[in-house]
Amino acid sequence: MNKAKSDDLRPEYRREDLGPGVRGKYFKHFRFAKILDSWPEARLRELMGRVGPGEVSRALGREELHPEDLAALLSPMALPRLEDLARRANRLTRRHFGRTVGLYAPLYLSNVCTSECTYCFFARGAGGRGRRRTLSPAEIRAECESLARHGFQTILLVSGDAPRVAPPGYLAQAVATAREYFPSVSVEVYALDEEGYRTLAAQGLEGVTLYMETYHRETYARVHLAGKKRDYDYRLGALERAGRAGVRRLNVGALLGLYDWRLDGFWTALHARYLQKECWQSAVSVSFPRLRQAPPRHPVRHPVSDRDLVQLMVALRLFLPEVGFNLSTREPAALRDRLIPLGVTNMSAGSSTRPGGYSHPGEELQAQFEVEDRRPPAEVAAAIRRAGYDPVWKDFDQAFFEGVGRPPADISSQEGKGP
Ligand code: SF4
């Protein structure tokens, strides 16, 4: 049989997981949707249900974890070993990131949104009474000036899902303006095609944050009632498109509380590992946005306790030792301070979730969610120092980035949770 024919007859991919060793020739045939399909809910529940203390110990002892090990660490059976997990997570984070925590701020460009996500106060049907507004170029500049005065060097531009009022050209202009003030600019906006990400990257965009919200298809369909965001597969491929377009920081996450956090946490980790391998020139990070308040039409059916959040973070740290972890001001100050040693590498500070919220803080504009940690940036920086870490305002210079190609393990920022 000639070589071409024998290649045609090979299975599209050989392994059903993304465990260590899945590299090389056949790796390019993996597509994340297929990988996700190979880890359905029933398989995961069965796997987690038969985890015993031995599986947890084995996972704790491994240098490089398989997905089965991650399932063990996310299972209820790992709870008695939570302190061991936390110690290991702390050691790994210090080894790969030192004692640093990057600081960043979100800058909301627009609270106009045409999507109907039941859990979000920006949605048309959420019943929010605050005014809607999209910042003009002059207003974007005023917000940048205000944030730059606090010392921020890393910024996340956030917008609702409204391509008519905030089209890619508007976003590109916003990135260009923000780059005049900040060396590191990321966006958290609606999913774009590769060309759209390329347009933004040409203006100096460094990162894209885009959460899948939930990887559970049925729940995804139930909570996304209208708008382009209903297209699960288009959203699932967005970060890979951004990576192909030259975006150098990719930030994933699930909105914890939409579905079972153990499952969404597992799928998020698989996604992050997939992106690390598929978009090897980009640094990958994970955020942990927790749904704490939601509009009345969305009762939070899968609440995530503080202990759940800790277990999730430390389990993911063991599975993804080189991936940055971001924690937003959705979480209260005391909890954020306690989580620092467990793997957090980036924190937002002094956040406003309203457009124009930094230069006009008193306006009655619709916020996306209420901020829990209301400390000003300098106080957050002081709390980081008290925990024995260095707050980092400035990330790697763009020149260094461009010269080397791939940044070291991520120490920049992405806020949690926009469109
Ligand atoms: S989550 Fe995003 S897309 Fe959905 S309603 Fe809120 S702002 Fe719009």
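Calculation rules
Residues numbered from 1 in each chain as written. Predicted model: local features only at pLDDT ≥ 70, side-chain atom pairs only at ≥ 80, totals over all residues. Helix = DSSP H or I, 4+ residues; strand = E, 2+ residues; numbered from the N terminus. Buried ≥ 20, exposed ≤ 12 C-beta atoms within 10 Å, placed from the backbone. Contact = placed C-beta atoms within 7 Å. Axes fitted to C-alpha atoms, helices over the stretch in contact; angles between N-to-C directions. Parallel < 35°, antiparallel > 145°, perpendicular 65-115°, else oblique. Left-handed = near helix turned anticlockwise from the far one by under 90°. Core = buried A, V, L, I, M, F, W, Y, C linked by C-beta atoms within 7 Å. Pairing = 2+ DSSP bridges. Right-handed = clockwise from strand over helix to strand, strands pointing away. Expected span 1.5 Å × (residues − 1). Arc of directions from axis to C-beta.

Student: I'd like a rundown of the overall build of the protein, residues and numbers included.
Tutor: Scanning the protein from N- to C-terminus turns up 17 helices and nine strands. Taken over 419 residues, the protein has a buried fraction of 50%. Excluding contacts between residues fewer than 6 apart, the proportion of contacts in the protein whose partners are at least 24 apart in sequence is 80%.

Student: Help me get a handle on the packing of helix 5 (residues 67–74) against helix 14 (residues 306–319), residues and values and all.
Tutor: At a closest axis distance of 9 Å, the pairing of helix 5 and helix 14 adopts a crossing angle of 160°. It follows that helix 5 is roughly antiparallel to helix 14 by the angle criterion. Like other packed secondary-structure pairs, helix 5 and helix 14 cross with a definite hand, here right-handed. Across the interface between the two elements, L70, L73 and L74 from helix 5 touch A315, L318 and F319 from helix 14.

Student: Account for the nonpolar core, naming residues and giving values.
Tutor: Ranked by internal contacts, the top residues of the largest apolar core, which has 119 residues, are L73, I155, L157 and A315. The dominant element in this core, judged by the number of residues it contributes, is helix 13 (residues 261–278), at nine residues. Beyond its immediate stretch of four places on either side in the chain, L73 contacts V56, A59, A78, L85, A315 and L318.

Student: Please give an account of unusual backbone geometry that cites residues and values.
Tutor: In this structure, E213 is a non-glycine residue whose phi angle is positive, near 70°. Mapping E213 onto the fold places it in the loop between strand 4 (207–209) and helix 10 (217–223). Since 26 C-beta atoms lie within 10 Å of it, E213 is described here as buried.

Student: Describe the pairing of strand 2 (residues 154–159), naming the residues involved and giving the relevant values.
Tutor: When you tally the buried positions in strand 2, you get six out of six residues, the bulk of the element. Of the two faces of strand 2, both are covered, the one formed by T154, L156 and V158 as well as the one formed by I155, L157 and S159. In the sheet, strand 1 (residues 100–110) pairs with strand 2 via five bridges, with the strands oriented parallel. Paired with L107 across the strands is L157, a residue of strand 2. In this structure, strand 2 lies alongside strand 3 (residues 184–188), joined through five bridges in parallel fashion. Bridged to I155 within strand 3 is V185.

Student: I'd love a proper account of the pairing of strand 3, names of residues and values included.
Tutor: Most of strand 3 sits inside the fold, with five of its five residues counted as buried. At this point the chain moves from strand 2, through helix 8 (residues 168–179), to the parallel strand 3, and the crossover so formed is right-handed. Of the pairings in the sheet, the one linking strand 3 to strand 4 comprises two bridges and is parallel in character. Residue pairing across strands places S186 opposite G207, the latter belonging to strand 4.

Student: An account of the environment of G130 is requested, with residue identities and associated values reported.
Tutor: Relative to the assigned elements, G130 resides in the loop between strand 1 and helix 7 (137–149). Residues G130 and N111, spaced 19 residues apart in sequence, show a C-alpha to C-alpha distance of 9.7 Å.

Student: Quick one: what's the story with the environment of L291, residue by residue and with numbers?
Tutor: Relative to the helices and strands, L291 resides in the loop between strand 6 (283–287) and helix 14. When the 22 C-beta atoms within 10 Å are taken as the criterion, L291 is described as buried. Not counting the four nearest positions on each side in its chain, L291 is found in contact with Y119, L255, L256, G257, L258 and V300.

Student: Could you give an account of helix 7, naming the residues involved and the relevant values?
Tutor: The end-to-end C-alpha distance of helix 7, which contains 13 residues, comes to 19 Å, matching closely the 18 Å that a straight helix rising 1.5 Å per residue would cover. Every buried residue of helix 7 is accounted for by I140, E143, C144, S146 and L147. Along the long axis of helix 7, the arc covered by the buried residues comes to 165°, so they all point the same way. Every exposed residue of helix 7 that faces more than 90 degrees away from the buried side is listed here: A138 and R149. As for helix 7, its buried residues are in contact with strand 1, strand 2 and helix 8.

Student: Can you tell me about the environment of P167, naming the residues and giving the values?
Tutor: Counting through the fold element by element, P167 comes out in the loop between strand 2 and helix 8. Through-space distance from the C-alpha of P167 to that of G196 is 9.6 Å; in sequence the pair is 29 residues apart.

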